[in-house]
Each structure stands twice: as structure tokens, then as C-alpha cells.
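Read off the chains here:
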Amino acid sequence: NIPQESLKILKKVGEWMQRNAKSIYGCGTSGLPKPENGRITRCGDRLYFHIMEPSVGYVPLMGLKADEVAYLRRLCDGSELHIERNWITGNYSDVVFTSFGTSPELPDEVDTVVEAVLK
């Protein structure tokens, strides 16, 4: 017998995996330092930033430079994300910043995955 609470958790994990499996299967370590807000996995020319803690303002993708990125997107739905370029983000040349919108809440309460395709 599997407890009801465990079944709920397994269902939630299964639903997350349906949308984000590419960031897990076939991936390894990114070779980048672990960020404070989550984890990073890598598969070839793709980095997967697992954002598990909300940011105030823009979301930092540590260890990336804007000129290394072909494009960014949310893995779960393929929606394109933009690199934020302004006077605030311009002070950090070794960090790419993006945004999920005006809400401080993450789009996925468990783990929001940003796919960065490298040039």
C-alpha cells in the first residue's frame, strides 16, 4: 500500500517530468558553479537552469554571458524568454538576466526550468 500523500507527490513529480524531462534525461553536470537559486544541468549545447527560489527583479542565470546565448525559453511550454539588457543588468557581464513577468512568484512552484541554447 502506498500512502495517499505519497501518491500525490508522485503524481506531481510525474506531471513535472512530462514537461521538463529534457532537463534530466541524458544530462550531466554543467561545469558551472551551483547557483544560490537552484541547479544547472547540461546536454550538449543546452544548459538547463532549474530555478527553485524566486528572485526580486530579474532572474540571474549565473555563469553565462549574453553573447554566448542563441536563445532562452521556458522548457515546460517553449515560451521564449528575453535577455534583459539595461543599465542595471549591464553591470554584470558574466551573468545573463531574464524575467518571467511582473509576478514575484515562479511559474512552476516546484522547479521552473530555463533552457539556454548556446551559440
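Below: a short report on this structure. (Residues numbered from 1 in each chain as written. Predicted model: local features only at pLDDT ≥ 70, side-chain atom pairs only at ≥ 80, totals over all residues. Heavy atoms only, no water.)

With respect to the packing of aromatic side chains
Right, on to step 1. Evaluation of the coordinates by the stated rule reveals 1 aromatic pair.
Right, on to step 2. Considering the side-chain rings of Tyr 92 and Phe 97, the 5.8 Å spacing of their centres and the 65 degrees angle between planes classify their relative orientation as edge-to-face.
Right, on to step 3. Note on Phe 97: relative accessible area 14%, which makes it buried. (Phe/Tyr/Trp six-rings, centres within 6.5 Å; stacked < 30°, edge-to-face > 60°. Buried < 20%, exposed > 50% of the residue type's maximum accessible area, 1.4 Å probe, protein only.)

Quick look at the pairing of strand β8 (residues 112-118)
Right, on to step 1. For β8, the buried fraction is high: 7 of the 7 residues fall into the buried class.
Right, on to step 2. Side chains of β8 alternate between two faces, with Thr 112, Val 114, Ala 116 and Leu 118 and Val 113, Glu 115 and Val 117 buried alike.
Right, on to step 3. Where strand β3 (residues 46-51) lies against β8, 6 bridges are found, and the strand directions are antiparallel. Considered in β8, the bridge of Arg 46 is made with Val 117.
Right, on to step 4. Pairing of strand β5 (residues 69-74) with β8 involves 5 bridges; the strand directions are antiparallel. Within the sheet, the bridge partner assigned to Tyr 71 lies in β8 and is Val 117. (Helix = DSSP H or I, 4+ residues; strand = E, 2+ residues; numbered from the N terminus. Pairing = 2+ DSSP bridges.)

Concerning the environment of Lys 22
Right, on to step 1. You can see Lys 22 is positioned in the loop between α1 (4-20) and β1 (28-29).
Right, on to step 2. Here the alpha-carbon distance between Lys 22 and Lys 65, two residues 43 residues apart in the chain, equals 23 Å.
Right, on to step 3. With near-sequence residues (within four places) excluded, Lys 22 lies in contact with Cys 27, Tyr 48, Arg 73, Leu 75 and Glu 115. (Contact = heavy atoms within 4.5 Å.)

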